[in-house]
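Each chain, letter by letter, is given below.
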Amino acid sequence: MKARAEKLAQRILLVIALSAISSLILIALFIFKEGTPIMVKMGLRRFLFSSEWEPQAGLFGIYPMIVASLWVTLGAMLIGAPLGIAGAIFLNEFVPKTVLRIVKPAIELLAGIPSVVYGFIGVMVLAPLIRNHLGGPGLSILAAAVILGVMILPTVISISTDAIGAVPNSYREGALALGATRWQAVHMVILKAARSGIIASIILAMGRAIGETMAVIMVAGNTVKLPHSVLNSARTLTATIAFEMASATGRHREALFAIGVVLFVIIMLLNSFATVILRGRTTRA
Amino acid sequence: MSLNAKIRFVQLSLFYGAFAALKRVSMTMAERHITALIGPSGCGKSTLLRTLNRMNDLISGVRITGQVLVDGKNIYGPGTDVTELRKRIGMVFQRPNPFPLSVRDNVAFGLRVAGLTSRSDVAPIIERSLRAAWLWDQVKDRLEQPALDLPLDQQQRLCIARLLAVEPDIILMDEPCSALDPIATGKVEELMLELKKQYTIVIVTHNMQQAARISDVTGYMLLGDMIECGETAVLFTNPQDRRTQDYLSGRYG
């Protein structure tokens, strides 16, 4: 009796687990099935690198969106990574452990704020600031980069903090015992020892930034044009899918799925990169 | 022993919160001698050692009364530059702890910390330090390799070389051989006897034979008290205190 119940439980868990995994696989297959034909028909190069996106005219070049996504993401990294790493260093090395224990969960909580709220703040506060002080329409690549930079902070801080916290105390002691100051110990030894974890945190944050949609739609301004300055409006890959999916049919619809494929590949690459780096660290230590 | 007193503890007490880890310890350590601190785990010998380079400062809630005089100056007095102090008083840890850098960068670390960065200035110091730690022949062709790839005993001697590069006058050793096998231990002990010609060495050890082999003076500690200290040969053959006798003959606890 007991053994049968045990078996049953196992079976049920197996089915549930398989359905989770298979839905992932199905989604991936579906996106690729819908998205690849147009890339093949048009030629991958024309799809990726031509600048005309006019669905009515049958022109599907996503280069402006790729550029917009890259600019927004790079901008977010330039803002979020230094802040996040500095925060992680500060929490680990310069304040008592009790502060870390309180502040870190609070920061992780920031990850739970809906992105529409970040976007709202961007529209109401940040965009006018940029418009009035730097010029341009305000809703811009810069605005999107700043908002995303803040949004990725929890990811960067949380993983970097873990990485720095995992550096053996003996390195810290060894450096200080040689007459190093706290800061010298940090940048000459501890950051080097925690390097792989910190890089992984940046890569994962990058994945988040590329994939983020709602906040970017709200603050980036949504012009499908090759941007020339960070003060220009632009539309990212994700924003394009979200905007046009309701009205898209036929080839247009295929093109949106193809954008999905591009995003999928970028994020897969980033994530596996991060995994490899993190694994490299654990096998070394 | 009317030798130059390099280090003097005067009525030194140390508290972790309300717990007294050191109780009014007084002791003198002579220049260019090896002083060993022995005693059971938790007796305060490592804590006493760490008062010398103020590593206990890193632990929150530590309070100290009394004095630690190095060259006649209280290192807990106002105006002590702790990083400067730690350059003068180097430390070798229980587990070899080379940094995850190359062999060369490990030895150069203390120099870089002190602001010496030019490669041509650093190179001769690196060679001299590695030679002094009897490591040069083994690593001279692998200076760029990660220090963590060296065998443990070489790692420990690398940690010693790393200290010697900054030319300290006192070397603290916290059970430096406990992670090493007997042959490697022998090499490090021999090295210590050589280093004693130039440096004042204080070693904490669990290993009474080691204390007997290499030290000139031994202090026996128990529960934060310095029970007895004196010339090693005398202390080991003719301990005055009953508790020292018990410990040395293995009747402790």
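Now for a quick tour of the structure. Keep in mind it's a predicted model, so treat the numbers as computed, not measured. (Residues numbered from 1 in each chain as written. Chains lettered and ligands numbered in written order. Predicted model: local features only at pLDDT ≥ 70, side-chain atom pairs only at ≥ 80, totals over all residues. Heavy atoms only, no water.)

Residues and elements named next belong to chain A. Between helix α3 (residues 63-94) and helix α6 (residues 141-151), the shortest axis-to-axis distance is 7 Å and the interhelical angle comes to 50°. Classified by the interaxial angle, the pair formed by α3 and α6 is oblique. Every pair of crossing elements has a handedness; the one defined by α3 and α6 is right-handed. Along its contact with α3, which presents W71, V72, G75, A76, I79 and G80, the element α6 presents I141, A144, A145, V146, L148 and G149. Considered class by class, the residues forming the contact of α3 with α6 number 9 nonpolar, 3 polar and no charged. (Axes fitted to C-alpha atoms, helices over the stretch in contact; angles between N-to-C directions. Helix = DSSP H or I, 4+ residues; strand = E, 2+ residues; numbered from the N terminus. Parallel < 35°, antiparallel > 145°, perpendicular 65-115°, else oblique. Left-handed = near helix turned anticlockwise from the far one by under 90°. Contact = heavy atoms within 4.5 Å. Nonpolar A, V, L, I, M, F, W, Y, C, P; charged D, E, K, R; others polar.)

The next thing to look at is empty space enclosed by the protein. All names here are of chain B. Under the definition given, this model contains 3 cavities of 30 Å³ or more. Empty space within the largest cavity amounts to approximately 50 Å³. Forming the boundary of the largest cavity are R104, R112, T117, R119, V122, A123 and I126. Where the lining of the largest cavity is concerned, the elements lending two or more residues are α3 (103-113) and α4 (119-132). Ranked by residue count, the leading element in the lining of the largest cavity is α4, at 4 residues. (1 Å grid on protein atoms, 1.4 Å probe; cavity = no way out; pocket = protein on both sides within 12 Å on 5 of 7 lines; lining within 4 Å. Points joined across faces, edges and corners; volume = space filled by probe spheres on them.)

All names here are of chain B. Summed over all chains, the structure comprises 0 disulfides over all chains. C177 provides the cysteine sulfur closest to C159, a residue in no disulfide bond, and the two sulfurs are 12 Å apart. Residue classification places C159 among the buried positions, given a relative accessible area of 2%. (Disulfide = S-S within 2.5 Å. Buried < 20%, exposed > 50% of the residue type's maximum accessible area, 1.4 Å probe, protein only.)

Turning next to the sheet that holds strand β3 (residues 34-38) of chain B. All names here are of chain B. The strand order across the open sheet formed by 6 strands is β6-β7-β8-β3-β9-β10, and the pairing between neighbours is mixed. Both outer strands of the open sheet, β6 (89-92) and β10 (225-231), are each paired with one neighbouring strand and no more. Averaged over neighbouring strand pairs, the angle between their axes works out to 15° when direction is ignored. Where β3 meets strand β8 (residues 200-204), 4 bridges bridge the pair, whose relative direction is parallel. Across the sheet, residue I34 finds its bridge partner in β8, namely I201. Strands β3, β6, β7 (170-174), β8, β9 (217-222) and β10 of the sheet are contacted by helix α1 (residues 45-52), whose axis makes an angle of about 155° with β7. Where helix α7 (residues 182-195) meets the sheet, it contacts β3, β7 and β8, and its direction lies at approximately 150° from that of β8. (Pairing = 2+ DSSP bridges.)

The next point concerns the side chain of B:R157. Tracing the sequence through the fold places B:R157 in helix α6 (residues 152-164). The residues contacting B:R157, other than those within four sequence positions of it, are B:A133, B:W134, B:L135, B:Q138, B:K187, B:V188 and B:L191.

Looking now at the pairing of β9(B). Residue and element names in this part refer to chain B. Most of β9 is tucked away: 6 of the 6 residues are buried. Residue alternation in β9 divides its side chains into two sets, V217, G219 and M221 and T218, Y220 and L222, and both sets are buried. Pairing of β3 with β9, which is carried by 4 bridges, proceeds in the parallel orientation. What sits directly across from I38, in β9, is Y220. Summarising the sheet, β9 and β10 pair through 6 bridges and their orientation is antiparallel. By the bridge assignment, G219 is partnered in β10 with C229.

Once that is clear, we can look at the sheet that holds strand β1 (residues 5-16) of chain B. All names here are of chain B. Pairing is antiparallel in the open sheet, where 4 strands are placed in the order β2-β1-β4-β5. Every interior strand has two partners, whereas the edge strands, β2 (19-30) and β5 (73-74), have only one. Looking at chain direction, β1 and strand β4 (residues 62-70) are connected through 8 bridges and run antiparallel. Bridging across to β4, F15 finds its partner in R63. Sheet contacts for α1: β1, β2 and β4; angle to β1, the most-contacted strand, approximately 120°.

Residues and elements named next belong to chain A. Here helix α5 (residues 115-133) is 19 residues long and its end C-alpha atoms lie 25 Å apart, about the 27 Å a rise of 1.5 Å per residue gives. Of all the bends in α5, the largest measures some 40° and sits at G122. Buried within α5 are the following residues: S115, Y118, G119, G122, L126, A127 and I130. Buried residues along α5 sit against α4 (97-110), α6 and α11 (214-220). A positive phi of about 90° marks G135, the residue just after α5. (Expected span 1.5 Å × (residues − 1). Bend = angle between axes of the 7 residues up to and from the residue.)

Counting across every chain of the model gives 6 aromatic pairs over all chains. Seen from their ring centres, A:F32 and A:F264 are 5.5 Å apart, and the 90° between their planes marks the pair as edge-to-face. With a gap of 232 residues between them, A:F32 in helix α1 (residues 2-42) and A:F264 in helix α13 (residues 250-284) connect regions that are remote in the sequence. Judged by its relative accessible area of 30%, A:F32 falls in the partly exposed class. For A:F264, a relative accessible area of 27% corresponds to the partly exposed category. The ring of B:F15 has B:R63 lying over it, and the distance from NZ or CZ to the ring centre is 4.5 Å. A cation sits over an aromatic face here: B:R162 above B:F99, 4.2 Å from the ring centre. (Phe/Tyr/Trp six-rings, centres within 6.5 Å; stacked < 30°, edge-to-face > 60°. Lys NZ or Arg CZ within 6 Å of the ring centre and 35° of its normal.)

This part covers the interface of chain A and chain B. Counting from both sides, the interface comprises 18 residues of chain A and, opposite them, 25 residues of chain B. Buried area between chain A and chain B, both sides added, is near 1800 Å², and the carbon and sulfur share of it is 70%. Applying the counting criterion to the chain A and chain B interface returns 1 salt bridge. Between A:E173 and B:R50 there is a salt bridge, and its shortest N-O distance comes to 2.8 Å. The interface formed by chain A and chain B includes 3 residue pairs in polar contact (both at pLDDT 80 or more). Contributing elements (two or more residues each) for the side of chain A that touches chain B: α8 (169-177) and α9 (182-193) of chain A. Examining the composition of the side of chain A that touches chain B, we find that 7 residues originate from one element, α8(A), more than from any other. Residue classes in the side of chain A that touches chain B are distributed as 9 nonpolar, 5 polar and 4 charged. (Buried area = accessible area lost by both parts, 1.4 Å probe. Salt bridge = Lys/Arg side-chain N within 4 Å of Asp/Glu carboxyl O. Polar contact = N/O pair within 3.5 Å; in protein donor to acceptor, adjacent residues only side chain to side chain.)

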